[in-house]
Amino acid sequence: MIQTELAADLQLKWDRMQQAMQQTRADGCLLTVDVNIYYTTGRIYSGYFYLPAEGTPWFFVKRPNGLAGDQVIYIRKPEQLPELFAENGLKMPRKLLLEGDEVTYNEYTRLLNVFQPEETGNATALLRRMRCIKTPWEVTQFRISAKKHAETYAQIPSCFRPGMTDVEFQSEIEKVMRRNGSIGLFRAFGANMDIYMGSILAGDNAECPSPFDFALGGEGVNPSCPIGANGTLLKDGTAIMVDMAGNYTAYITDMTRVFSIGKLSGFACKAHQTSLVIQQEIQEIAKPGTPCAELYNLAAGIAQKEGLSDYFMGTKQQAKFVGHGIGIQINELPVLTPRSKETLQPNMVFALEPKFVIPGIGAVGIENSFLVTETGIEKLTLCEENIVQLY
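Attention in this report is confined to the structure presented alongside it. (Residues numbered from 1 in each chain as written. Predicted model: local features only at pLDDT ≥ 70, side-chain atom pairs only at ≥ 80, totals over all residues. Heavy atoms only, no water.)

1. Some points on unusual backbone geometry
- The linkage connecting R63 with the following residue, P64, adopts the cis geometry, with an omega of 0°.
- Of note, P64 is situated in the loop between strand 3 (58-63) and strand 4 (72-74).
- The linkage connecting L333 with the following residue, P334, adopts the cis geometry, with an omega of 0°.
- Following the sequence through the fold, P334 ends up in strand 11 (residues 332-335).
- Phi angles above zero are rare outside glycine, and N192 is one such case at about 55°. (Helix = DSSP H or I, 4+ residues; strand = E, 2+ residues; numbered from the N terminus.)

Encoded structure:
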């Protein structure tokens, strides 16, 4: 069940979980959601992962066939769990943590009927807090993704042909991504976060508000997925913002770069340079203990000073954050908002994305992934940050 190279990493995660469980007097934690199964086992399977507050974890597997190892037990349905607990000397938990923010109501009530705990707690909240502090192995996975992400972005100009639409351009970039090892799956936490591999915004489509909770919107190609590229023709004077996922491992890096057809206006170039200034100013002050709200306020203050507040993080609908944690999902903790109570901590990994939307031209700005170190922050996604003119 456990790959050799992941054993130490998984043990560290289990130890952290058990410490947190003991602090809340929980007796056990039962997980079934894919991202949490991957986080705690190093692979995805259908079934359940059970971690008691003390002792070793158990793996109750429905599918696939063929998994083997210590504490691996095949089951057909959760109703078998009480009997299996008794057979293997496991105590039924009086306080059980379940993924209350992620499993369906039917699944949640079914598990309550199976275990009949005296008290429950929210495993989703526990895992979200834990996952924002990355382990050494996870940091290595980010570095792998970041390197391949940058290599792919360096190939983007070769994807362009005159007369293309944004959708055609994006499909060529996606082809390069897959050839370079992209998993292709863009995982996100919560509702209203459906998107395929990333987003490209060209021209006035960048102003189009979306119901989805991303920094910028876009109309999309169909009302069933109202986000991103919509078929805009890539013509002279158009800014093209490329924000495609760096999911070359299970750990997603986030990076945005801007390309142009011909030269952009001086105002658009000023806005882009302001994004780079915001990034530099944040790099200089960000360190463990820095409030996330302070980073947002710094970015918004620079935008205001440069007369760009009306274009900052959108026009018709402005996002109220300038960055977010990343990991197995694209939107992990912390979030850089003006109301955040969180502070940066060592081994957090977050995306910083100060962006501007210029009517008639499109979106400009920057996004990079950063690792919080003991003394500051380290940029992981390294490639050209100025606007790249395609022709």
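2. Examining the sheet that holds strand 11
- If you trace the five strands from one edge of the open sheet to the other, you get 11-10-12-15-16, paired in antiparallel fashion. Pairing within the sheet leaves two strands with one partner each, and these edge strands are strand 11 and strand 16 (377-379). Between one strand axis and the next, the sheet turns through 30° on average, direction left out of account.
- Inspection of the sheet shows strand 12 (residues 349-352) paired to strand 15 (residues 368-372) by four bridges, in the antiparallel sense. Residue pairing for strand 15: V349 is matched across the bridge by L371. (Pairing = 2+ DSSP bridges. Axes fitted to C-alpha atoms, helices over the stretch in contact; angles between N-to-C directions.)

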